[in-house]
Every structure is written in C-alpha cells, then in structure tokens.
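# Reading the structure
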Amino acid sequence: LTVLSCAPRVFEIQNFLSDVEVDHFMHLAGGMTLQESSVSGSTNDIHLDQNRLKSSTRTSKNTWVGRETSPIIDVVYRRAADLLHIDEALMRDRSPDEYPSLGSSASIAEPLQLVHYDPGQEYNAHHDFVYPHTMNKFQPARFATILLYLNEVTDGGETSFPR
C-alpha cells in the first residue's frame, strides 16, 4: 500500500487484481455493449434518455457489471470489502435477517463500472458523489471509490486529484 495523498486520501495497491481477474474483466467487456458514458446531472449536460444525461465533461464509453455476474467478480467484491474493513454482506443484496437494523436489504455497493477511453477521451475534474434526496431515509452517500486499472498505457491514461 502506497500513500499518494492524505487530502484527499488516495492509496495505490499494486497487483490488487490478478492477471486472471484482469483477463476475465477484459473478456466480459468484449461481450458487452458499451454506451456513451453518462452522469447524474449538471447544467451543461444533454438528455440521452429519461434516465441518462450525456456529459459535457465525460467522453468515454462504459457499461456496468454486477457482483453476481461471475464468481471472479464476486471475489473482487470480497477483496474490496476486506480492503475497506466492512462485511462483504453489505456489498450484496441480503436476506431480511441479515442486518435487520439497517432497514434495507439492498447492497451499499454500486455495480462495477467498466470504462473505455479512446485516445483523446477524458473525464474532467469532478466530485465523485451526489447528495441524496432529503426524503430518502437511508441517506446513501458514496464514501469510497476504488479504481481498478486493467491495462497500462505509455502516454496519458492518468488519474489526478486536483484541489
């Protein structure tokens, strides 16, 4: 574990994914349809359909991969839970008797987002969270983002955290 920044907290973990896991992600991505990436909302965005906004700051393509897609994806979720020191059961839909005090059996984790950038595409600086609706009694909020790089490029492809 290498500390890259304390504010914001950014860490690097070499070899978090095995070569087999990376190959599996790439195989999955090859069989999925990638769509223009969309965002939750901004004044400069264009509606793609009733649920998605085309971003003026994000030019990539992406798709979503649920934990239940394969045992390999499930293992990656379990490893992420270990990394974050949380019970892996929180990162999947649960039976009503698991964590009944939460009042919800829904996963606290989003599906994995596979993102592809062609040369020249980018995702400009942004905040990686949204405020939940005030009427949502659970007030879900993203508390961590884990970026998994599936390939290495010789030029570009970096992620920065400007402040």
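Just so it is clear, the model here is predicted, and its values are computed rather than measured. (Residues numbered from 1 in each chain as written. Predicted model: local features only at pLDDT ≥ 70, side-chain atom pairs only at ≥ 80, totals over all residues. Heavy atoms only, no water.)

### Re the confidence of the model for the chain
For the chain, the mean per-residue pLDDT works out to 84, and 87% of the residues sit at or above 70. For the chain, per-element mean pLDDT is lowest for strand β5 (residues 46-47), which scores 52, and highest for helix α2 (residues 71-84), which scores 96. (pLDDT = per-residue confidence, 0-100. Helix = DSSP H or I, 4+ residues; strand = E, 2+ residues; numbered from the N terminus.)

### Comments concerning the pairing of strand β1 (residues 2-6)
In regular strands, side chains alternate between the two faces of the sheet. By the bridge criterion, four bridges tie β1 to strand β2 (residues 9-12) in an arrangement that is antiparallel. Opposite Val-3, over in β2, you have Phe-11 as the bridge partner. Between β1 and the antiparallel strand that follows it, β2, lie two residues. (Pairing = 2+ DSSP bridges.)

### Looking at the nonpolar core
Leu-17, Phe-25, Val-65, Ile-73, Tyr-77, Met-91 and Leu-112 are the most contacted members of the largest nonpolar core, which has 14 residues in total. At the level of secondary structure, the elements contributing two or more residues to this core comprise α1 (19-30), α2 and β8 (112-116). The greatest single-element share of this core, amounting to five residues, is contributed by α2. Non-local contacts of Leu-112, meaning those with residues more than four positions away in its chain, are made with Phe-25, Thr-63, Trp-64, Val-65, Ile-73 and Tyr-77. (Core = buried A, V, L, I, M, F, W, Y, C linked by side-chain atoms within 4.5 Å. Buried < 20%, exposed > 50% of the residue type's maximum accessible area, 1.4 Å probe, protein only. Contact = heavy atoms within 4.5 Å.)

### Examining the sheet that holds strand β7 (residues 61-65)
Spatially, three strands are ordered β3-β7-β8 in an open sheet, and the strand pairing comes out antiparallel. Looking at the sheet topology across the chains shown, the edges are occupied by β3 (35-36) and β8. Bridge count for β7 against β8 is five bridges, and the pairing is antiparallel. Its bridge partner lying in β8, Thr-63 is registered against Leu-114.

### With respect to the packing of α1 against α2
Relative orientation of the contacting elements α1 and α2 amounts to 125°, with a least axis distance of 10 Å. One way to sum up the angle between α1 and α2 is to call them oblique. Along this stretch, α1 crosses α2, giving a crossing that reads as left-handed. Residue-level contacts link Glu-21, His-24, Phe-25 and Leu-28 of α1 to Ile-72, Ile-73, Val-75, Val-76 and Arg-79 of α2. (Axes fitted to C-alpha atoms, helices over the stretch in contact; angles between N-to-C directions. Parallel < 35°, antiparallel > 145°, perpendicular 65-115°, else oblique. Left-handed = near helix turned anticlockwise from the far one by under 90°.)

### Focus: α2
Compared with an ideal rise of 1.5 Å per residue, which puts 14 residues at 20 Å, α2 spans 20 Å between its outermost C-alpha atoms and is within 8% of the ideal. Listing the buried residues of α2 in full gives Ile-73, Asp-74, Val-76, Tyr-77, Ala-80 and Ala-81. Across the axial projection of α2, the buried residues extend over an arc of 160°, all falling on one side. Facing away from the buried side of α2 by more than 90 degrees, the exposed set consists of Pro-71 and Asp-82. On its buried face, α2 is in contact with α1, β7 and β8. Just downstream of α2 lies His-85, where phi reads positive at about 60°. (Expected span 1.5 Å × (residues − 1). Arc of directions from axis to C-beta.)

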